Amino acid sequence: MNAKSDEQKAGNRGNAIWPEQTLGELVTYYPRLRTRLEQMGIDYCCGGKRSLAEACRQAGLDPEATMADLEKIRAQDPSAAAATDWSAVTLSDLAGHILDTHHVFTRTQMARIGMLLDKVQNAHRARHGDMLGALRSAFELLKADLETHLMKEEKILFPAIRGIDGFMAGRNARPEVHCGSVFHPIRQMEHEHDAAGALLAKMRGLTGNYRLPDDACQTFKALYEALAALESDLHEHIHLENNILFPASVKQEEAMGEKGL
Ligand SMILES: [Fe+2]
Ligand SMILES: [Fe+2]
């Protein structure tokens, strides 16, 4: 069973963009609009359940002008919707993609950032010690949170989702789901995504949107690029979970219960 609901398919309204559309749906249909939304300061991953109109109001943007801007980008790039449609693959395949790409990248990137931070703190303590110290604290919190978060998804939630998906497809026996349902683990994961999003925003604020100081060396530049890449990948990662994998898993578990299988 794939993750795209019938309402979502019907709701795409001939590839248009409309104000009541949720941000999660918008970036699911048009993944390449993510860059523009990020430039506008619109959070589409943790805030993906909000409508486009609501997000514009919260960001102090005019909804009509924003929609026109997004529509222009979408129309200019006919392939904008042609990237992988993750709502059209099975939940097991989507979970596999998240694990193989985003979980692996997050761990590798966090280890790299730790090493870069060591070097930059040593070399720039005199002029940037306070900022770098605060950045290090926020990063270590994020790293500790994410290490546990990834492990919980890998050991508990994703095996349950794969079990439900496999059972519905006739590949395995009825799964034993920890806590009796995926609903509560999913809520917990969403709270943890919010916390990670807040720490990413804090690091972006501390660094003035990753703007390099005048005396920055190449390692400083590499550090900021690595942090920005971690942030961008986590946005995509959290979007795939919050807006596609998790709601579709809740629906599939409900369908399993309703069928009394
Ligand atoms: Fe994840
Ligand atoms: Fe997650």
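The rules behind each value
Residues numbered from 1 in each chain as written. Chains lettered and ligands numbered in written order. Predicted model: local features only at pLDDT ≥ 70, side-chain atom pairs only at ≥ 80, totals over all residues. Helix = DSSP H or I, 4+ residues; strand = E, 2+ residues; numbered from the N terminus. Buried ≥ 20, exposed ≤ 12 C-beta atoms within 10 Å, placed from the backbone. Expected span 1.5 Å × (residues − 1). Arc of directions from axis to C-beta. Domains from an automatic or database assignment. Contact = placed C-beta atoms within 7 Å. Nonpolar A, V, L, I, M, F, W, Y, C, P; charged D, E, K, R; others polar. Core = buried A, V, L, I, M, F, W, Y, C linked by C-beta atoms within 7 Å. pLDDT = per-residue confidence, 0-100. Axes fitted to C-alpha atoms, helices over the stretch in contact; angles between N-to-C directions. Parallel < 35°, antiparallel > 145°, perpendicular 65-115°, else oblique. Left-handed = near helix turned anticlockwise from the far one by under 90°. Bend = angle between axes of the 7 residues up to and from the residue.

Asks: Where do I start with the overall build of the protein in this structure?
Replies: Looking only at helices and strands, the protein has eight helices and zero strands in total. Each helix (α) and strand (β) of the protein, taken in turn from the N terminus, gives the series α-α-α-α-α-α-α-α. Its C-alpha atoms put the protein at 65 × 45 × 30 Å along the principal axes. In the protein, which comprises 261 residues, the proportion classed as buried is 31%.

Asks: How should helix α5 (residues 63-76) be read in this particular structure?
Replies: Note on helix geometry: an α-helix contains 3.6 residues per turn, so any two residues three or four positions apart are oriented the same way. A rise of 1.5 Å per residue sets the reference length of α5, with its 14 residues, at 20 Å; its end C-alpha atoms lie 20 Å apart and thus fit the reference within 8%. Every buried residue of α5 is accounted for by Thr66, Leu70 and Arg74. Looking straight down α5, one finds that the buried residues subtend no more than 70° of arc, so they occupy a single side. Across α5 from its buried face, at more than 90 degrees, point the exposed residues Glu64, Ala65, Ala68, Lys72, Ala75 and Gln76.

Asks: I would appreciate a short explanation of the domain arrangement of the protein in the present structure.
Replies: When the parts come together, some accessible area is lost, and that loss is often what is quoted as the size of the interface. When the domains of the protein are assigned, the result is domain 1 (6-81) and domain 2 (89-259). Computed over C-alpha atoms, the centres of domain 1 and domain 2 are 22 Å apart. Each partner contributes residues to the interface: domain 1 has eight residues there, and domain 2 has nine residues. Of the residues belonging to the side of domain 1 that touches domain 2, the class tally is four nonpolar, three polar and one charged.

Asks: Please clarify how the nonpolar core should be interpreted in this entry.
Replies: One broad rule of soluble globular proteins: the nonpolar side chains tend to lie buried together. If you look at the biggest cluster of nonpolar residues, it comprises 35 residues, and the most contacted ones within it are Leu23, Leu26 and Met203. For this core, the secondary-structure elements that each account for two or more residues are α2 (23-29), α4 (52-58), α6 (91-168), α7 (183-206) and α8 (218-259). A per-element tally of this core places α6 first, with nine residues. Residue assignment places this core across two domains, with domain 1 (6-81) and domain 2 (89-259) each supplying three or more. Excluding anything up to four places from it in sequence, Leu23 contacts Ile42, Tyr44, Gly47, Gly48, Arg50, Leu52 and Ala55. Of all hydrophobic cores here, the second largest spans 18 residues; its members include Leu94, Ala160, Val182 and Ile244.

Asks: Any chance you could explain the confidence of the model for the protein here in plain terms?
Replies: Close inspection of predicted coordinates is inappropriate for parts of the model with low pLDDT. Looking at the protein, the pLDDT average stands at 89 and 90% of residues meet or exceed 70. Mean pLDDT across the elements of the protein ranges from a minimum in helix α1 (residues 6-10), with 42, to a maximum in α7, with 97. When the criterion is pLDDT under 50, residues 5-12 qualifies, and its contacts beyond four places in sequence or with other chains add up to five contacts.

Asks: Mind showing me how you'd approach the environment of Lys49 here?
Replies: Within the element layout of this structure, Lys49 appears in the loop between α3 (34-39) and α4. Accessibility expressed as a C-beta count within 10 Å gives 14 for Lys49, which makes it partly exposed. Residues Lys49 and Gly133, 84 residues apart in the sequence, show an inter-C-alpha distance of 34 Å. Excluding its chain neighbours within four sequence positions, the residues that come into contact with Lys49 are Thr22 and Gly24.

Asks: Which parts of the structure should I look at to understand the packing of α6 against α7?
Replies: When two helices pack together, their arrangement is given by the angle between the helix axes and the distance between those axes. Remark: α6 packs on α7, axes separated minimally by 10 Å, with the N-to-C direction vectors making an angle of 160°. Considering their axes alone, α6 and α7 lie roughly antiparallel with respect to each other. Remark: the crossing between α6 and α7 carries left-handed chirality. The class makeup of the residues in the contact of α6 with α7 is 18 nonpolar, one polar and four charged.

Asks: How should I be thinking about α6 in this particular structure?
Replies: The terminal C-alpha atoms of α6 lie 11 Å apart, and with 78 residues this falls more than 12% below the ideal 116 Å at 1.5 Å per residue. Largest kink in α6: about 125°, centred on Arg125.

Asks: Can you walk me through unusual backbone geometry in this structure?
Replies: Peptide bonds are trans in most cases, and residues, glycine excluded, mostly fall at negative phi. Even without being glycine, Asn209 reaches a positive phi, approximately 60°. Since 8 C-beta atoms lie within 10 Å of it, Asn209 is described here as exposed. At Tyr210, a position not held by glycine, the phi torsion is positive, near 55°. Among the secondary structure elements, Tyr210 is positioned in the loop between α7 and α8. We classify Tyr210 as partly exposed; it has 15 C-beta atoms within 10 Å.

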